[in-house]
Amino acid sequence: MAIAAPPQRTRSSSRVRRNALVGWSFILPNFIGFALLTLIPMCAAFVIAFMKWDSYSPPEWVGFANFARMMRDESFWIALGNTAYYAAGHIPLTILASLGLALLLNRKLRGLGFFRTAMFFPYITSLVAVAVVWNMLFNPTAGPINQFLELIGVADPPGWTTSSAWAMPAVIITSVWRDMGYYMVLYLAGLQAIPQEYYEAAEVDGANAWQRFWNITIPSLRPTTFFVLIMVTIASFKVFDLIVVMTGGGPGRSTLVLSQLIYREGITENRFGYSSAISLVLFVIVLVFTVVQFKLQQRKER
Amino acid sequence: MSTSATTRASSTVPSQAEVAIAEVTDAITPPVLPGAGGKRTRVRRHGPISPLRRVLIYVMLTVLTAIIFVPFFWMVSSSLKQNNEVFSIPVQWIPTEFVWQNYVDIWTRIPMLTYLKNSLFLSVTITILQVLTGSFAAYGFSKMHFKGRDVLFVAYIATIAVPWQAYMIPQYIMMQNAGLVNTHLSIILLQAFGAFGVFLMRQYYLTIPDELSEAARIDGLNEYAIWWRIILPLTKPALASLALLTFVSTWNDYMGPFIYLTSNDLWTVQLGLRSFVGQYDAEYALIMAGSVVSVIPIVLIFLLGQRYFIQGIATSGMKG
């Protein structure tokens, strides 16, 4: 709202002040909750990470001791590796699957709404149900997936969630199945925002379908892909529910991820300082990825 | 045939944006050359022209959907089987005998009704709070101008990108000190003031022209009245989107209740189901029946409001 050239200075400044008061009053109900439960804990995490604090003794400043301990903690390295493994599978596969579905569904055909709904369906299904069902589908001896693999000639199908080598792929497959519908919607919105005349002009110039896809669709989708990439990356690094319910981090520590380790150290073992230090590392990883993606995006836009 | 007629005919129900694009295109493209054939000149990116491709796409979509739906089919079919029939070789997709008893037993084997009630209570309360405070704050962030507004908004956005795990521990310590661990209030506080709701609503509010609230101001309405009487009614679809997304994510949330709720009588459907699986991991049919029961409310809500889901998600991805 522009304040149109006020004649008196005093009146305008009091108006600005009242405006600010009213503005704040709108934000306040949400902001109180947000500040108490998000902002303050977030800042506190930075401090607690440098403390030794458990339920038996009062907090004590220990500097980088928690981080030094982390370097020696085998579970931390395993969890870090597993989180990276999960992200390396989940991010590209989800993006490819959701883009593929969106391209397939981005046309005007009768009944496409039905297919769109169907493909979005896994995303809204409760996670526990999803994890339990997929666990059964992945059953190594009598599950439908391995029966199908045997049918098509795979002599020795994987043990999936019962084998430490195949548990993570099983989790990744389940998570891609669940998430692709969500990002498909984002891609569909992106595709529908591409001006039609781009394609018409390209067609006039004699570009074939592949060239049109590569030179118009992909560049025009860059902002969407950027957004999707950031969202999927954040979601990948904080994966917890699916793994806890599907494998519980096992077999052994083969699917133990960082957020599960934070939970175990912080809430089960009450080692607040150490678990906050791990959270800080998780936060920095996500931050670095986001910033790098921002920079790459900016460079491409230039 | 005129160009615009072809464009309009290409889609059964053109959205506003499509119509707008079509109008722009009509304005800038030269008239169709006579003899070139009206149909050919309008190349449509939407929809293949040849019937063969159309059939091919339908076949592909049907196969894909079938694959995507295998887990659901397995879930429902297993929930109607005897336990020892669930893992049969070869896979039996249709039960030989429908065991409806599973759906009776699930209510007595675990306190399913309590779980459902808890989930419903939490989801409804959190949804109402999130929608109210979110849209209220969004008005401040989009229609009011004051110092510090944009800095504050950036702080909101930034927290969306921070994984919850990063501040979960301090949050837990605070809740513990306030004596809120193992209460429903902890879950409500945890989820009702999310930044996502503010962000989503602001995106919608930005699409409403400022002239509207300006005019109302000149008519003497104060800001609260503008929000309540003008902006809220205009953004009903956005409210529906946010309400549905919040409801579903609260209903499906596992980690929050998992950390905070330890008493069985406070548990949500997700926790109850998970604990049942842990205790009776060979009761496959009952587990599947419980899963179906836990999913049904969400399916109903989704089918009723799927339009708003899609809109809500698409909007959160808009640049703003």
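Remember, it's a predicted structure, so these values are computed and weren't measured experimentally. Numbering of residues starts from 1 in every chain and runs along the sequence as written. Chain letters start at A and ligand numbers start at 1, both assigned in the order the entries are written. The model is predicted, so local features are restricted to residues of pLDDT at least 70 and side-chain atom pairs to those at 80 or more, both for listing and for counting; the totals for chains, interfaces and linings are taken over all residues.

J.: When you look at the overall build of chain B in this model, what are you seeing that I'm missing?
T.: Each helix is a run of H or I in the DSSP string that is no shorter than four residues. Each strand is a run of E no shorter than two, and both are numbered from the N terminus. Along its length, chain B carries 17 helices and zero strands. The contact criterion used here is simple: two residues whose C-beta atoms, placed from the backbone, lie within 7 Å are in contact. Once local pairs closer than 6 in sequence are excluded, the contacts in chain B between residues at least 24 apart make up 76%.

J.: What's the story with the confidence of the model for chain A in this structure? I'm lost.
T.: Where the model shows low pLDDT, its predicted coordinates should not be examined in detail. All names here are of chain A. On a scale of 0 to 100, pLDDT captures the predictor's confidence in every residue. Mean pLDDT over chain A works out to 85, with 95% of the residues at or above the 70 mark. Across chain A, the secondary-structure element scoring lowest on mean pLDDT is helix 1 (residues 9-48), at 81, and the one scoring highest is helix 3 (residues 74-105), at 93. In the predicted structure, residues 1-9 sits below a pLDDT of 50 and forms five contacts with residues beyond four places in sequence or in another chain.

J.: Looking at this structure, I do not really get the packing of helix 5 (residues 127-137) of chain A against helix 17 (residues 284-316) of chain B. What am I missing?
T.: Helices that pack against each other are described as a pair by the angle of their axes relative to one another and the distance between those axes. Interaxial angles span 0 to 180 degrees and are taken between N-to-C directions of axes, which are lines fitted to C-alpha atoms, for helices over the stretch in contact. The interhelical angle for the contact between helix 5 of chain A and helix 17 of chain B, taken along N-to-C directions, is 145°, at an axis separation of 9 Å. The crossing of helix 5 of chain A and helix 17 of chain B is left-handed. Residues Val128, Ala129, Val132, Val133 and Met136 of chain A of helix 5 of chain A touch helix 17 of chain B, and the partners they reach there are Tyr284, Ile287, Ser291, Ser294 and Val295 of chain B. By the convention adopted, Pro, Cys, Tyr, Trp, Phe, Met, Ile, Leu, Val and Ala count as nonpolar, Lys, Arg, Asp and Glu as charged, and the other residues, Gly among them, as polar. Here the contact of helix 5 of chain A with helix 17 of chain B is composed, by residue class, of eight nonpolar, two polar and no charged. If you view the pair so one helix is near and one far, a crossing is left-handed when the near helix is turned anticlockwise from the far one by less than a right angle, and right-handed when it is turned clockwise.

J.: Mind showing me how you'd approach the UniProt feature "domain: ABC transmembrane type-1" (unreviewed entry) in chain A here?
T.: UniProt positions are given in the numbering used here, feature names are shortened, and annotations may be inferred rather than shown by experiment. The UniProt feature table records "domain: ABC transmembrane type-1" (unreviewed entry) at residues 80-293 of chain A. Between the end C-alpha atoms of residues 80-293 of chain A there is a gap of 20 Å, over a span that is 75% helix and 0% strand.

J.: Please clarify how the interface of chain A and chain B should be interpreted in this entry.
T.: Reports of interface size often rely on the accessible area that becomes lost once the parts have come together. Contact with chain A, which involves 76 residues of that partner, is made by 81 residues of chain B. Per element, the largest residue contribution to the side of chain A that touches chain B is 18 residues, and it comes from helix 1 of chain A. Of the residues that constitute the side of chain A that touches chain B, the class distribution is 51 nonpolar, 18 polar and seven charged.

J.: Whenever I open this one, the UniProt feature "transmembrane region" (unreviewed entry) in chain A confuses me. Can you help?
T.: Sequence positions flagged by UniProt for "transmembrane region" (unreviewed entry) are, in local numbering, residues 21-51, 84-105, 117-138, 158-177, 226-252 and 272-292 of chain A. Split by type, residues 158-177 of chain A is 55% helix and 0% strand. Its first and last C-alpha atoms lie 19 Å apart.

J.: Is there a simple way to think about the packing of helix 7 (residues 167-192) of chain A against helix 17 of chain B in this case?
T.: Look at helix 7 of chain A against helix 17 of chain B: their axes get within 8 Å of each other, and the N-to-C directions meet at 70°. With respect to each other, helix 7 of chain A and helix 17 of chain B are oriented roughly perpendicular. Seen along the crossing, helix 7 of chain A lies across helix 17 of chain B with a hand that is right-handed. Listed contacts from helix 17 of chain B to Tyr182, Val185, Leu186 and Ala189 of chain A of helix 7 of chain A are Ile310, Ile313 and Ala314 of chain B. Of the residues contributing to the contact of helix 7 of chain A with helix 17 of chain B, the split by class is seven nonpolar, no polar and no charged. Under this scheme an angle from 65 to 115 degrees is roughly perpendicular, one under 35 degrees roughly parallel, and one over 145 degrees roughly antiparallel; angles in between are oblique.

J.: Even after reading the chapter, I still don't get the environment of Met51 of chain A, so can you show me in this structure?
T.: Residues and elements named next belong to chain A. One can find Met51 in strand 1 (residues 51-52). Between the C-alpha atom of Met51 and that of Pro29, which follows or precedes it by 22 residues, the distance is 33 Å. Once residues lying within four places of it in the same chain are set aside, the contact partners of Met51 are Pro59, Glu60, Trp61, Val62 and Gly273.

J.: Would you take a moment to explain the confidence of the model for chain B for this structure?
T.: Residues and elements named next belong to chain B. In the predicted model, chain B carries a mean pLDDT of 78, and the fraction of residues at 70 or more is 83%. Looking over chain B, one finds the lowest element-wise mean pLDDT in helix 2 (residues 16-28), namely 34, and the highest in helix 7 (residues 112-143), namely 91. The complex prediction reports pTM at 0.82, with the ipTM value standing at 0.80.

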